[in-house]
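For reference, the chains in residue letters:
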Amino acid sequence: EGFIRDYARFAKLPSPRLEPVDWRVFLERLRSQVDFGIEGHVEGQVRADAAQLEQALLNLLKNAHESGSAPGDVRLALRRLPDSWRIDVLDRGTGMNEPVLANALLPFYSTKRHGTGLGLALSREIAEAHGGRIALANREGGGLGVTLVLPA
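Residues numbered from 1 in each chain as written. Predicted model: local features only at pLDDT ≥ 70, side-chain atom pairs only at ≥ 80, totals over all residues. Heavy atoms only, no water.

Engineer: Break down the layout of surface pockets for me, with residues and values.
Structural biologist: Considering only enclosed or pocket space, the largest pocket measures out at about 840 Å³ in volume. Lining the largest pocket are 36 residues, with Asn59, Asn63, Glu66, Lys112 and Leu120 positioned closest to its centre. Within the residue set of the lining of the largest pocket, elements represented by two or more residues are α1 (2-11), α3 (50-65), α5 (119-129) and β7 (144-151). For the lining of the largest pocket, the element with the most residues is α3, which contributes seven residues. Of the residues contributing to the lining of the largest pocket, the split by class is 15 nonpolar, 15 polar and six charged. (1 Å grid on protein atoms, 1.4 Å probe; cavity = no way out; pocket = protein on both sides within 12 Å on 5 of 7 lines; lining within 4 Å. Points joined across faces, edges and corners; volume = space filled by probe spheres on them. Helix = DSSP H or I, 4+ residues; strand = E, 2+ residues; numbered from the N terminus. Nonpolar A, V, L, I, M, F, W, Y, C, P; charged D, E, K, R; others polar.)

Structural data, given as structure tokens:
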């Protein structure tokens with residue numbers, strides 16, 4: 001049942017309704033749902049669909065907590081680039097081997113025993129619907145970094 005519900009949400013992703021989203025308010029609301037540390041300067045706004053962006057980041061942050069990382073090592077780094085915002089979700093878990101990295105953003109691909117393989121795919125769909133992109137890379141010293149870039 002949960003799989004069907006998640007799939008229906010993935011398959012019917014509406015076009016984002018872009019509105020100014022204040023980073024400070026948005027990140028505090030996100031922190032009320034999942035714990036993470038914040039790095040970077042959180043002043044400013046992004047034009048985004050707040051509900052979709054929240055869903056994408058919740059997926060990434062929950063994955064970070066399920067990675068084997070200590071809870072205090074799950075971080076969100078926010079940086080303003082000249083024409084975009086860069087959001088990095090960082091953990092110190094086990095990271096991913098090359099085959100997993102190559103397939104992790106595909107729908108229905110999961111290494112979790114009870115995973116649906118839709119969380120990262122949905123985050124990718126949301127990023128792309130906003131004119132952005134998402135990338136995954138193992139971190140120096142262990143763990144994974146998921147980078148979400150959105151237009152400014």
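Engineer: How would you sum up the packing of aromatic side chains? Please name residues and give values.
Structural biologist: The tally for this structure, following the rule as stated, stands at two aromatic pairs. Residues Trp23 and Phe26 carry aromatic rings whose centres are separated by 6.0 Å and whose planes lie at 80° to one another, so their mutual orientation is edge-to-face. On the criterion of helical spacing, the pair formed by Trp23 and Phe26 is a turn pair, its members being three residues apart in helix α2 (residues 23-31). The ring of Phe36 has Arg31 sitting right over it, with the charged end atom 5.7 Å from the ring centre. Against the face of Trp85 rests Arg80, its NZ or CZ located 5.4 Å from the ring centre. (Phe/Tyr/Trp six-rings, centres within 6.5 Å; stacked < 30°, edge-to-face > 60°. Lys NZ or Arg CZ within 6 Å of the ring centre and 35° of its normal.)

Engineer: Tell me about the environment of Ser15, and please be specific about residues and values.
Structural biologist: Mapped onto the elements, Ser15 comes out in the loop between α1 and β1 (19-22). Taking C-alpha positions, Ser15 is 29 Å from His114, a pair spaced 99 residues apart along the chain. Each residue touching Ser15, except ones within four places of it in the same chain, is listed here: Asp49 and Gln52. (Contact = heavy atoms within 4.5 Å.)

Engineer: Before we move on, can you summarise α3 with the specific residues and values?
Structural biologist: The end-to-end C-alpha separation of α3 is 22 Å, in line with the 22 Å expected for 16 residues at 1.5 Å each. For α3, the complete set of buried residues consists of Gln52, Leu53, Glu54, Ala56, Leu57, Leu58, Asn59, Leu60, Leu61 and Ala64. Where α3 begins, the capping side chain belongs to Asp49, and its oxygen is found 3.2 Å from the backbone nitrogen of Ala51. (Expected span 1.5 Å × (residues − 1). Buried < 20%, exposed > 50% of the residue type's maximum accessible area, 1.4 Å probe, protein only. Polar contact = N/O pair within 3.5 Å; in protein donor to acceptor, adjacent residues only side chain to side chain.)

Engineer: Please set out the packing of α2 against α3 residue by residue, giving values where relevant.
Structural biologist: Where α2 contacts α3, the axes come no closer than 11 Å and their chain directions differ by 50°. Judged by the angle between their axes, α2 and α3 are oblique. With respect to the hand of their crossing, α2 and α3 are arranged in right-handed fashion. Contacts between α2 and α3 involve Trp23, Phe26, Arg29 and Leu30 from the former and Ala50, Leu53, Glu54, Leu57, Leu58 and Leu61 from the latter. Partitioning the contact of α2 with α3 into residue classes produces eight nonpolar, no polar and two charged. (Axes fitted to C-alpha atoms, helices over the stretch in contact; angles between N-to-C directions. Parallel < 35°, antiparallel > 145°, perpendicular 65-115°, else oblique. Left-handed = near helix turned anticlockwise from the far one by under 90°.)

The values reported here are purely geometric and, on their own, carry no functional implication.
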